[in-house]
Every structure is written in C-alpha cells, then in structure tokens.
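# Per-entry structural report
Here are the chains, one letter per residue:
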Amino acid sequence: MSFLRLHDVCAGYGQADILRGVSLELEAGTVTCVIGPNGAGKSTVLRVLSGLLKPRVGTVEFAGDPVGGLSPAVLLRKGIVHVPQERSLFPLMTIWDNLLMGGHSLRDGALARRRAGEIAERFPLIEERRHERAGTLSGGQQKLIEIARALMLDPRLILLDEPTMGLDAKARHAVFETVKSLNEGGRTILLVEQNARLGLSVSHVGAVMDMGVVRLVDEASKLLGDPRVAALYLGGNPDTRANGGAARAQG
Amino acid sequence: MQTFVQAVILGVLTGGLYALMASGLTLVFGIMRVINVAQGAFVILAAYLSYSLFGHLGLDPFLSILLLMPAMFVAGVLTQLVFVRSLRGEHASEMSLLVTWALALGIEGLLSIGYKTTVRATNTGYANKSWTLGSYRFSEPRVYGFAASVVILLGLYSLLRFTRFGRSIRAVVQNPTSARLLGVNERLVSALGFGIGAATAAAAGALYGIVYPFNPGSHYDLISRLLSIIVLGGLGSVGGAVLAAMLLGVTESVVAVEYSPTWASMSFFAILILVLLVRPQGFFGLRERVL
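Residues numbered from 1 in each chain as written. Chains lettered and ligands numbered in written order. Predicted model: local features only at pLDDT ≥ 70, side-chain atom pairs only at ≥ 80, totals over all residues. Heavy atoms only, no water.

### Focus on the interface of chain B and chain A
Interfaces are often sized by the accessible area lost when the parts come together. Contacts between chain B and chain A engage 19 residues on the former and 25 residues on the latter. Three residues, Arg164, Leu181 and Leu182 of chain B, lead the burial of chain B against chain A; their summed loss comes to 34% of the area buried on that side. In this assembly, chain B and chain A are joined by two salt bridges. Between Asp97 of chain A and Arg170 of chain B there is a salt bridge whose closest N-O contact spans 3.4 Å. There are eight residue pairs in polar contact (both at pLDDT 80 or more) connecting chain B and chain A. Residue assignment for the side of chain B that touches chain A shows that the elements contributing at least two residues are helix 6 (164–174) and helix 7 (176–181) of chain B. Considering every element that reaches the side of chain B that touches chain A, the biggest residue donor is helix 6 of chain B, with six residues. (Contact = heavy atoms within 4.5 Å. Buried area = accessible area lost by both parts, 1.4 Å probe. Salt bridge = Lys/Arg side-chain N within 4 Å of Asp/Glu carboxyl O. Polar contact = N/O pair within 3.5 Å; in protein donor to acceptor, adjacent residues only side chain to side chain. Helix = DSSP H or I, 4+ residues; strand = E, 2+ residues; numbered from the N terminus.)

### Overview of the side chain of Ser149 of chain B
Within the secondary structure, Ser149 of chain B sits in helix 5 (residues 140–162). For Ser149 of chain B, the residues in contact, after removing those within four places along its chain, are Gly16, Leu17, Leu20 and Leu207 of chain B.

### Quick notes on empty space enclosed by the protein
All chains considered together, the criterion is met by three cavities of 30 Å³ or more. Around the largest cavity sit 14 residues that line it, and Val81, His82, Arg149 and Ala150 of chain A together with Leu182 of chain B are the ones nearest its centre. When residues of the lining of the largest cavity are traced back to their parent elements, those giving at least two are strand 6 (80–83) and helix 6 (139–150) of chain A together with helix 7 of chain B. Leu13, Thr14, Leu17, Arg142, Gly145, Phe146, Leu207, Val211 and Tyr212 of chain B together form the lining of the second largest cavity. Of all elements in the fold, only helix 1 (2–32), helix 5 and helix 8 (186–211) of chain B reach the threshold of two or more residues within the lining of the second largest cavity. (1 Å grid on protein atoms, 1.4 Å probe; cavity = no way out; pocket = protein on both sides within 12 Å on 5 of 7 lines; lining within 4 Å. Points joined across faces, edges and corners; volume = space filled by probe spheres on them.)

### Describing the pattern of salt bridges
Opposite charge on two side chains permits them to pair, given that their charged atoms come into close proximity. Residue and element names in this part refer to chain A. Enumeration according to the criterion identifies twelve salt bridges over all chains in this entry. With a shortest N-O distance of 3.0 Å, Asp154 and Arg187 are connected by a salt bridge. Note that Asp154 is positioned in the loop between helix 6 and strand 7 (157–161) and Arg187 in the loop between helix 7 (169–184) and strand 8 (188–192), a separation of 33 residues in sequence. For Asp154, a relative accessible area of 44% corresponds to the partly exposed category. Of the residues examined, Arg187 reaches a relative accessible area of 16% and is grouped as buried. Here Glu177 ties to Lys180 by a salt bridge, and the two come within 3.3 Å at their closest N and O atoms. Of this pair, Glu177 and Lys180 both sit in helix 7, three residues apart, which is roughly one turn of the helix. Salt bridges here are not isolated pairs; linked through shared partners, they connect Arg5, Glu25 and Glu61. (Buried < 20%, exposed > 50% of the residue type's maximum accessible area, 1.4 Å probe, protein only.)

### Details of the side chain of His82 of chain A
With respect to the secondary-structure elements, His82 of chain A resides in strand 6. Within the local environment of His82 of chain A, its side chain forms a polar contact with the side chain of Ser50 of chain A, the two groups lying 2.7 Å apart. Setting aside residues no more than four positions away along its own chain, His82 of chain A makes contact with Leu46, Arg47, Ser50, Leu52, Leu159 and Asp161 of chain A together with Leu181 of chain B.

### Here's the deal with the pairing of strand 2 (residues 136–139) of chain B
Residues and elements named next belong to chain B. Strand direction decides the pairing type here: strand 1 (residues 130–133) and strand 2, joined by four bridges, are antiparallel. Across the sheet, Leu133 pairs through a bridge with Tyr136, a residue of strand 2. Count of turn residues in the strand 1/strand 2 antiparallel hairpin: two residues, of which Gly134 carries a positive phi of about 65°. (Pairing = 2+ DSSP bridges.)

### Notes on the packing of aromatic side chains
All names here are of chain B. In this structure the tally under the stated criterion is 13 aromatic pairs over all chains. Centre to centre, the rings of Tyr51 and Phe214 are 6.3 Å apart; their planes meet at 90°, and the pair counts as edge-to-face. With a gap of 163 residues between them, Tyr51 in helix 2 (residues 39–57) and Phe214 in the loop between helix 8 and helix 9 (219–233) connect regions that are remote in the sequence. By the ring-pair criterion, three or more aromatic residues cluster together here, those being Tyr48, Tyr51, Tyr115 and Phe214. (Phe/Tyr/Trp six-rings, centres within 6.5 Å; stacked < 30°, edge-to-face > 60°.)

### A few points about a nonpolar patch on the surface
All names here are of chain B. A cluster of nonpolar side chains, Val74, Leu78, Leu81, Val82 and Phe83, forms an exposed patch at the surface whose accessible area comes to about 440 Å². On the secondary structure map, Leu81 appears in helix 3 (residues 61–84). Exposure remark for Leu81: the relative accessible area of 36% places this residue in the partly exposed category. (Patch = residues over 30% accessible without salt bridge, like charges linked within 9 Å, V, L, I, M, F, W, Y side chains within 5 Å. Areas by Shrake-Rupley, 256 points an atom, 1.4 Å probe, with all protein chains shown as cover.)

### A short note on the layout of surface pockets
Put simply, the largest pocket is a space of about 1600 Å³. As for the largest pocket, its lining consists of 46 residues, and the residues nearest its centre are Arg88, Arg180, Glu186, Arg187 and Ser190 of chain B. When contributions to the lining of the largest pocket are tallied by element, the ones reaching two or more residues are strand 1 (4–13) and helix 2 (72–78) of chain A together with helix 1, helix 3, helix 4 (92–115), helix 6, helix 7 and helix 8 of chain B. Among the elements that make up the lining of the largest pocket, the one with the highest residue count is helix 8 of chain B (five residues). Here the lining of the largest pocket is built from residues that sort into 17 nonpolar, 15 polar and 14 charged. If you add up the space inside the second largest pocket, you get close to 960 Å³. Forming the boundary of the second largest pocket are 32 residues, of which Leu92 of chain A together with Gly236, Ser237, Val238 and Gly239 of chain B lie nearest the centre. Among the secondary structure elements, those contributing two or more residues to the lining of the second largest pocket are helix 1, helix 5, helix 6 and helix 10 (238–258) of chain B. A per-element tally of the lining of the second largest pocket places helix 5 of chain B first, with seven residues. For the lining of the second largest pocket, the class distribution of residues is 17 nonpolar, eight polar and seven charged. (Nonpolar A, V, L, I, M, F, W, Y, C, P; charged D, E, K, R; others polar.)

### A closer look at a positive patch on the surface
A cluster of basic residues, Lys54 of chain A together with Arg88, Arg180 and Arg187 of chain B, forms a positive patch at the surface. Tracing the chain through its elements places Lys54 of chain A in the loop between helix 1 (42–49) and strand 4 (57–62). (Lys, Arg positive; Asp, Glu negative; His and termini not counted. Charge placed at Lys NZ, Arg CZ, Asp CG, Glu CD.)

### Some words on the confidence of the model for chain A
Summary statistics for chain A give a mean pLDDT of 89 and a share of 92% for residues scoring 70 or more. When the criterion is pLDDT under 50, residues 234–251 of chain A qualifies, and its contacts beyond four places in sequence or with other chains add up to 26 contacts. (pLDDT = per-residue confidence, 0-100.)

Laid out in structure tokens, this is it:
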C-alpha cells in the first residue's frame, strides 16, 4: 500500500481547474521530486495535500486514510506539513517564536519548547540568532528556518515547494543538504522544484507534470537522462501527451 | 515654558485614551484586513452604557469597565460572526467597510432613540477635580483615565506577546496563509480579535464619558481621528497606534495652547501627510503582506 496516493484529482480556483486528473503514489521514506513547466500544477498539488485547496474530484489517501478536503490543521495532526514557495516566516517575530509557531498544534507548551530546543541544536543558526526578528535573515537562512519549523510536529510527510527559488548556489546547497539529511532520518518528502536537474539529483523518484496531469513517473536517475523530460519541461511534447496514460508509471 | 509643559501633560493624558481606542481598531485591521468604522460608535455606545450604569445604579465608570468589557467582547464576537464573517472574495475589505458603517449608523440611531441627541457627560464626584504638582495641574479624571488605559494596553500587550493565543494573533497579522498552514484557526482568531477590539472600545467609552461630553453623533469625529492614528502608526501595529495617538494628543494640545485651537486638528493631519510621504506604511506598518 502506498504511503500517499492521489487518484484522478481535479482542483483549481473559481471555475478553472488547474489539476485535471492528477494521479501519483509515494512510498514511505522516499524523496519524490515533481518537475514541470510553469503552470503545470505542481504547487497546486501541494496545496491540495496540505488542505489549502479542496479537491473538486478524486481521492487523496495518506497512510490508508482518505484525507482529501481536510483542513490544514487536521492534516498537520496527521503528520503532513507544507513549506510553501513564498517566504512564510513571520517577519516581526523572533526566530524562536517562529519556531514555536511550528508547534502551535501542540497543546503542551513544555513539549513545544523541548522540541524547539532539539531542533535548535540541529540548526545552529537558530541558537545563534534566536532573539532576532526573522525578517532580518537572508532568503536562504529564512528557508532553512522554515524547514526547521516544519519539524516541530515531527511530521511524516514534508511538502517542500520550490525551496531553492531565489537562493544563491551556497544557500541552495545548504537547503538540499538539509533535505537529504531529513530523508536519511526516515521522513518522506514531496519536493516541487523548478530546477529539474537539481531536484532530481536529491530524489529517489521523479514525476513530470504538464497541463495539470502527471505525465511521467520514474526513478529520478532515469528521468535525468530521459529526452522526454526536456521536451515536456520546455512546454509539452505531443507524442508523449498522446501516450500519457501508457507512459504513466507509479514510482 | 510652563504652558508648553502643561500642554504636553494634557496631550499625553489625552493620547493614552486615544491609544486605547485605536489599539482595538488596528488589531482588527491587522487580523482581518477589515476597517471597523463602527469602532467610534462602539466607544460612544459604551460611554452611554457607563453613563446609565452610573446614573441608575451609581456604579463608578471605572468599575463599569469590568462589566462592559466582557459584555462588549461577546457583542463583538457575535458582530463578527453575524455581519463580517460571511464577507468573502476580492471585495471583502470594501464590503466590510460598508457593513461596519451601517452598523455605526444603526448604533447611532438606536442611541438617538434611547437617549435623544442631547449632549451628556458622566459627572462623577471627581469630574472637575485636579491635583497640583509644582506649578502644574493634573485633571483627576484624565489621570485616572490615562492610568486605566495604560493598564489595559499593558494587558493587551501581555496577551499578544506572552500567550499562545497572542502569538497566533500576531501570526495571522503578519502572514495569514502561513498561520493557517501551521494549524492556526484563522476564523476563531478573527472572531476573538473582533471581540477584543470591541472590548477595548468598551473600556475607552467608559473613560471617554468622564472626560468629554458626548452625543450619539460623536462617533463621526472619533472615527476620523482613530483612522488617522492607525494609518500613521502603521495598519495592524498596536505599538504604532500607541505612538501615533500620543503624537496626536501632544501635537493638538501644544498647538492649541501655543498658537490657536483652530490649528490644533489640522496640525496633526499635516504631520500625518508628511510622514506618509516619507513612509507610506506609517511608523511600524509592514510594507506589504508577505504571503
């Protein structure tokens, strides 16, 4: 049984569907990278999984339970956290308070502080600058704190939406090292990445999206050498689209 | 020099009361992006309720705060649930302006029916008393009102700064989508936040009634000042509202004493325009929403 399963999910904003029948399965303990051109629906998949957007049609199952349409708060309790593409720290709060906000769902304040302390040991930046406002950090530092904050609830599935967007090479490296380290700790990660080569290089499985559906799913290393990936990534290949159903493979 | 210092003292005491009124208004805007133009009417409603409690039961306005704050907190929560919560879509902020304006007019109408349009004041035994310290005079009701405002504002600060609920309010103010993703119940925070705004208006109204005369139409003047204060302080910033309210109080008082009362109100608006030319987001406002 898959850890996470989306089947024929349609979702969008207003009358327009962005997702037009997305099917995807994730195995526990893997890193899956979703790539595709702008507007393919990559981020929308994550918004459906974290409860920011309700699917209009289709099913979403997490660890065997149907979770489609549940609120972000309920999905957090089930172990799904979402680090969005945009800067999501609270800029006027201290870094420490930002971290504690990650444990907002924990009723036990002592547990939240203990978890924050454990995470701070792992991320030296937090310990060094815990009393400073989050808005004073660089983009790369903010992204690391966002990822650290996502660990406060000890999540089972982490959704990372373009974590390296707008970061320099050094910050990108730091973010991906963190992704690898989280996965080595046993966490399942669903990563959306505009930089396909970079994203696939840290992933076990790759999924290629185009026009609101998943066109290809394969081992990340195979996708890196697949000529169809380049074609789809640049806006779509009619041949592949026609064979979309046949090409779709579950990772 | 003596008149200048006396004017500053009066301005600070007045500013404290305005800070209390404006804190609730800016908090509600920060949480919901709703400009509650009924905040002035809430203040005047509370002034009348306190006036009646004093007139009929002999309850001191400072004690009536203990009754009015929880009562208007509940009324504020219900107002948000009934009138504001259902407003959605891209024009929700504009619609909320109309809805809360209608609410203000409704409150004014009911007060006019109940109390007529006669100007009233809560005339306590200490209403006209004052202390003298050196060569300076301190009006008793203004000092009490200032002290009560400081206590309530410190309570509000402590709630926002040191409690889990307060942290969730600040989170919604700074980044509502991110707050939702971390499990904050934005709807609950909005309803309770609106209640807190109404509760601050309740306390401010009881204090307003012992310092200033009022009638049902007094909310027009109040809301124009309060809106100016929260814009200057930075929309959503309670600290900014306190600073701007102090600036309003001191500027108006000093200009009225040193130059002419005619220029008092205009002087504050001149400062408002000058500051906004340099800092469009006000003293402590966020330049833009983060997410």
